[in-house]
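Each chain, letter by letter, is given below.
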Amino acid sequence: CLIRFGHLRCFPMTQHFDIFDSIPTHEAPPDGQLTDDMVAAFKAAGVIIVEGFVSPGDCDRLRKRAHELVDAFDPASVRSVFSTTRQTQLNDEYFYDSGDKIRFFFEDNAFDETGRLRQSKHESLNKMGHAMHDLDPVFDAFSRTPKLAAIVGSLGYKDPGIIQSMYIFKPPGIGGEVTCHQDSTFIYTEPESCVGFWFALEDATLENGCMQFIPGAHKMPLKKRNYKRRDGTYVIETLDDTPWPVDRLVPAEAKAGTLVIFDGRAPHLSAANRSDKSRHAYTLHVIEKLCHYPADNWLQRSAHLPLRGFD
Ligand code: FE2
């Protein structure tokens with residue numbers, strides 16, 4: 001058995017977990033405090049959809065601010081691509097060094113054979129990360145509302161820390177596939193405590209590559225640790241190589257303003273965006289500061305930007 005953030009979590013030799021045909025879906029509670037039923041649904045499925053959490057005004061505000069940050073970014077200054085289908089990150093210090101910065105990562109297909117962007121920089125980026133919530137006042141204010149703090153409290157976190165933020169562009173035509181993974185693979189604590197908050201800033205549909213989950217499968221073991229620091233380099237450590245039960249995938253289609261909360265163990269993926277509509281989203285990952293954060297996690301921050309919660 002593995003003790004996991006206050007609960008005993010046992011891994012049987014055969015992988016048993018409850019099977020869900022849908023993702024538990026609820027209206028956003030006005031004060032952010034999740035009801036006991038919502039917390040129970042989250043614990044059973046490992047994922048919950050909370051509709052109407054973000055106001056249309058806040059969706060617009062974040063999209064506008066992201067646009068301004070991209071406007072100020074010189075695409076000639078960096079050629080870092082984020083891809084989960086190719087291991088481009090393994091030699092990318094620009095990526096590993098981004099835990100306390102705002103950095104920009106391109107889509108795999110953003111460049112032509114001569115190294116030029118095929119389309120505008122705004123339609124070429126995969127994501128921006130990983131400390132907007134600490135460094136940018138607009139994202140900071142959005143990330144630290146009493147409503148969100150109340151949700152995190154209702155999930156049982158005693159001393160939460162917002163370890164990273166990402167703005168996901170999923171641009172039309174070239175938005176890349178994200179292969180099936182667990183976020184605790186990238187954000188590992190002992191015991192595990194990672195939880196993801198994903199805010200739809202535009203409608204996410206199967207057509208433009210919405211997230212898809214295997215509800216209940218968060219009770220499977222952690223399969224990997226990516227990109228673990230070892231001897232001055234980075235490695236992917238495989239902990240369990242049984243295949244994902246991908247026949248159980250359920251789309252998390254989400255209108256703009258929807259919040260999806262998911263356990264760090266919850267397997268999820270998203271298909272490529274071949275449509276003509278972008279799929280912007282903002283995500284936060286929270287850990288319990290009382291848990292140990294290993295020095296060999298790829299994501300680190302320097303002493304000048306200590307890990308903060310919702311204060
Ligand atoms: Fe993820």
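Located above this text is the structure these notes cover.
Residues numbered from 1 in each chain as written. Predicted model: local features only at pLDDT ≥ 70, side-chain atom pairs only at ≥ 80, totals over all residues. Heavy atoms only, no water.

Some thoughts on the pattern of salt bridges
Then, in step 1: Inspection of the entire model under this criterion finds 20 salt bridges.
Then, in step 2: For R308, the salt bridge is made with D134, and the minimal N-O distance between the two is 3.8 Å. Taken together, the residues span a long stretch of sequence, with R308 in the segment after β16 (281-288) and D134 in helix α4 (residues 132-135) at a distance of 174 residues.
Then, in step 3: Here R144 ties to D140 by a salt bridge, and the two come within 2.9 Å at their closest N and O atoms.
Then, in step 4: Assessed through its relative accessible area of 21%, D140 is described here as partly exposed.
Then, in step 5: Sharing partners across several salt bridges, the network here consists of D134, D140, R144, R301 and R308. (Salt bridge = Lys/Arg side-chain N within 4 Å of Asp/Glu carboxyl O. Helix = DSSP H or I, 4+ residues; strand = E, 2+ residues; numbered from the N terminus. Buried < 20%, exposed > 50% of the residue type's maximum accessible area, 1.4 Å probe, protein only.)

As for the environment of H133
Then, in step 1: Its place among the elements puts H133 in helix α4.
Then, in step 2: A C-alpha to C-alpha distance of 19 Å links H133 and G153, two positions 20 residues apart in sequence.
Then, in step 3: Beyond its immediate sequence surroundings of up to four residues, H133 is in contact with F139, D140, S143, R144, I162, I163, Q164, S165, Y282, L284 and R301.
Then, in step 4: A polar atom in the side chain of H133 sits 3.3 Å from the side chain of D134. (Contact = heavy atoms within 4.5 Å. Polar contact = N/O pair within 3.5 Å; in protein donor to acceptor, adjacent residues only side chain to side chain.)

Considerations on the coordination of the iron ion
Then, in step 1: With distances of 2.1 to 2.2 Å, the protein atoms coordinating the iron ion are H181 (NE2), D183 (OD) and H268 (NE2).
Then, in step 2: With relative accessibility at 4%, the residue H268 sits in the buried group. (Donors = N, O, S within 2.8 Å, 3.2 Å for Na, K, Ca; no water.)

Side note on unusual backbone geometry
Then, in step 1: Looking along the chain, the bond that leaves G129 and enters H130 is cis, with omega of 10 degrees.
Then, in step 2: Mapped onto the elements, H130 comes out in strand β6 (residues 125-130).
Then, in step 3: Cis geometry is adopted by the peptide bond preceding P191, which originates at E190 and carries an omega value of -10 degrees.
Then, in step 4: Structurally, the position occupied by P191 is in the loop between β8 (178-181) and β9 (195-200).
Then, in step 5: Although it is not a glycine, K170 adopts a positive phi angle of roughly 40 degrees.
Then, in step 6: Given a relative accessible area of 3%, K170 falls into the buried group.
Then, in step 7: For D231, which is not glycine, the phi dihedral falls at a positive 55 degrees.
Then, in step 8: On the secondary structure map, D231 appears in the loop between β11 (224-230) and β12 (233-238).
Then, in step 9: D231 gets classed as exposed once you look at its relative accessible area, which sits at 77%.

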